[in-house]
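Analysis of the macromolecular model
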Amino acid sequence: MAHLLVVESWVGSMSRLLPRAVREGGHEFTFLTRDLHHYLRSAPEGTAHPLLGARNVITADTNDLDTLLPEVERLHAVFGFDGVISSCDYYLPTVARIAGHLGLPGPGPEAVQNACRKDATRRVLTDAGVPGPRFAVHEEWADLARAAREIGYPLVVKPVDLCAGMYVRRVDDESELAAAVSALTDFPLNARGQRRAPSVLLEELLTGPEVSVETVSYAGAVHVVGVTDKSIGGAPAFIETGHMFPADPSSADADTAEQTALGALKALGLTDGVVAHTEIKLTPDGPRVVEVNPRPAGNRITELIRHVTGIDLAAAAVEVALGLAPDLTRRETGLRSAAVGFLVPQVSGTLDALDDSPLRGADGVLEARLAEPGRPVRSAGSNNEYLGHVMVGDPHGQGARAQVEALLRELSAGLVIR
C-alpha cells in the first residue's frame, strides 16, 4: 500500500474519480488544502465529499510555496509519502515543486510550469518548431493594440494563467479587444485566491475542427491512449459543448494530431510521470497546438475513454505519480464510441424547470446529471456554467455524438429560465 499526498483538487468529477482510483489501487492518501469548506460546500446534501475519505485531512496555505515546502517536508517525515498529485490546474506547478523537493516521482517543475502558463507554452513550442498560431504577449494597452494590428483581426484574447475557457474571447476589432482586456484587468485573482499575471496573450484565430490527444508518459516514453473529438460553441467565447471518443476525423488527421501532440510534449519535457491532455486544431494548413495540459482530461473525457477502452486514466495518473507502470491494457467493453454533451445556458436568471423526460427509456444513456430547479443561472461565458450533462455509448460505431446531441436538443426544449 502506497501513501499519496493530494494537494487540492477540482470539485467536479475528478474530485470523485481520483479518490476512487487511489482506493481501488489499494493505496491511501492525505489531503492537503487551504480551504476545507470549499469542498464541504460542493458535496451533495447529506453526503460526505470523497476527498474527506483521506487518511488525514490537513489545512495549510497551499498558495504560499515558501511556507508550504517546509511544512510538507515535516509531514513527509511523519507519514512517508510515496507520491504527490493534484487534479487542479492551479496547483500542478506546486505539486511538481513538492515532488522535486521530496525526491518523489513526477515531471520536472519547469516543464509543468511552462505547460501551465499559456505564454510560456507558446514560447517553448515556437522555439522547438512545433506548429501553433502566431501570437504576442504584452501587458500595456499600446503594445497590445499594436500587436493585434500586426497579427490581424479576428484574433483570440487569452489570460495566460486561467483555465476552463475563462475570459478566452474572439475579438473582431480594437473596441472588442479593449473590452476583453478590461474584463481581464478587473479579475486580478483566480478562483483559488492566487494573484494572476497581468500579461495578455493574443493569438491568431485558428479555423477547423478541434481534437485532443490523451497520453500517458512513463519511464521516458509517451503512450497515446487515443484522440477525442470536441464541439465548441458560445461565440465569442470558446465553450466546450461536447466530446466524443474516439474522434471521427480521417485516419491521416488523427495521425498528424498525435504526432503534433508528441512533439509538443517532448519540447516541454513532459515525457515522464504525467497524464496529459493536448488540444489540437486541425486547420487547413495542418495541425496546430492550442494548449497542453499536464493532467488527465476534464469534462468527463476520462470516463468516455474508460467506457470504450477499459483504460482508467485517473488510475494511470495515480500510478505514474507513484512511479509505477500504468495499466494501459485495452479491454473489450461492448462500445465502439461514447460521447458527452453539456447543457449550456444562453441567458441568466433562475432555473425554473428542466424536463428530463427525453432521458427516460433513451437508448445507450451511460450517465446523466441535470441541475435542480431554483438554481441561479448565468449565461455561459466559460465551461463553468453548465446546467448538466448527458453521456451516451454506441455499441455499433461512431453514432454516440449524434445521439447525445439529439437528446440535448430535446432537453433544451424543456428548459425554462426566468
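Residues numbered from 1 in each chain as written. Predicted model: local features only at pLDDT ≥ 70, side-chain atom pairs only at ≥ 80, totals over all residues. Heavy atoms only, no water.

As annotated in an unreviewed UniProt entry, the chain is ATP-grasp domain-containing protein from Streptomyces neyagawaensis.

Now for the nonpolar core. Judged by nonpolar contacts, the single largest core of 42 residues is most densely connected at Leu4, Phe29 and Leu313. At the level of elements, strand 1 (3-7), helix 1 (14-24), strand 2 (28-33), strand 11 (239-245), helix 10 (301-309), helix 11 (313-321) and strand 14 (337-342) are the ones that each hand at least two residues to this core. Counting residues per element, this core draws most heavily on helix 11, at eight residues. In this structure, Ala96, Ala115, Val130 and Leu265 belong to the second largest nonpolar core, which totals 24 residues. (Core = buried A, V, L, I, M, F, W, Y, C linked by side-chain atoms within 4.5 Å. Buried < 20%, exposed > 50% of the residue type's maximum accessible area, 1.4 Å probe, protein only. Helix = DSSP H or I, 4+ residues; strand = E, 2+ residues; numbered from the N terminus.)

Residue position: Leu408 is located in helix 12 (residues 400-413). Between the alpha carbons of Leu408 and Val344 there is a distance of 9.6 Å; along the sequence they are 64 residues apart. Those residues in contact with Leu408, other than ones at most four positions away along the chain, are Gly341, Phe342 and Leu343. (Contact = heavy atoms within 4.5 Å.)

A large share of strand 9 (residues 210-218) lies buried, amounting to eight of its nine residues. Pairing of strand 9 with strand 10 (residues 221-233), which is carried by nine bridges, proceeds in the antiparallel orientation. Bridged to Glu210 within strand 10 is Lys230. Counting the residues that bridge the hairpin from strand 9 to strand 10 gives two residues, and of these Ala219 lies at a positive phi of roughly 55 degrees. Taken together, the eight bridges between strand 9 and strand 12 (residues 274-283) define a ladder with antiparallel strand orientation. The residue bridging Val213 from the neighbouring strand is Thr278, located in strand 12. (Pairing = 2+ DSSP bridges.)

Another aspect to go through is the environment of Gly286. With respect to the helices and strands, Gly286 occurs in strand 13 (residues 286-293). Along the primary structure Gly286 and Ala257 are separated by 29 residues, whereas in three dimensions their C-alpha atoms are 8.8 Å apart.

All right, on to the sheet that holds strand 15 (residues 349-354) then. Reading across the sheet, the three strands line up as 17-15-19 and stay open at both edges, with antiparallel pairing between neighbours. The open sheet has two edge strands, strand 17 (376-377) and strand 19 (415-417), and neither has a second partner. By the bridge criterion, three bridges tie strand 15 to strand 19 in an arrangement that is antiparallel. Across the sheet, Ala353 pairs through a bridge with Val416, a residue of strand 19.

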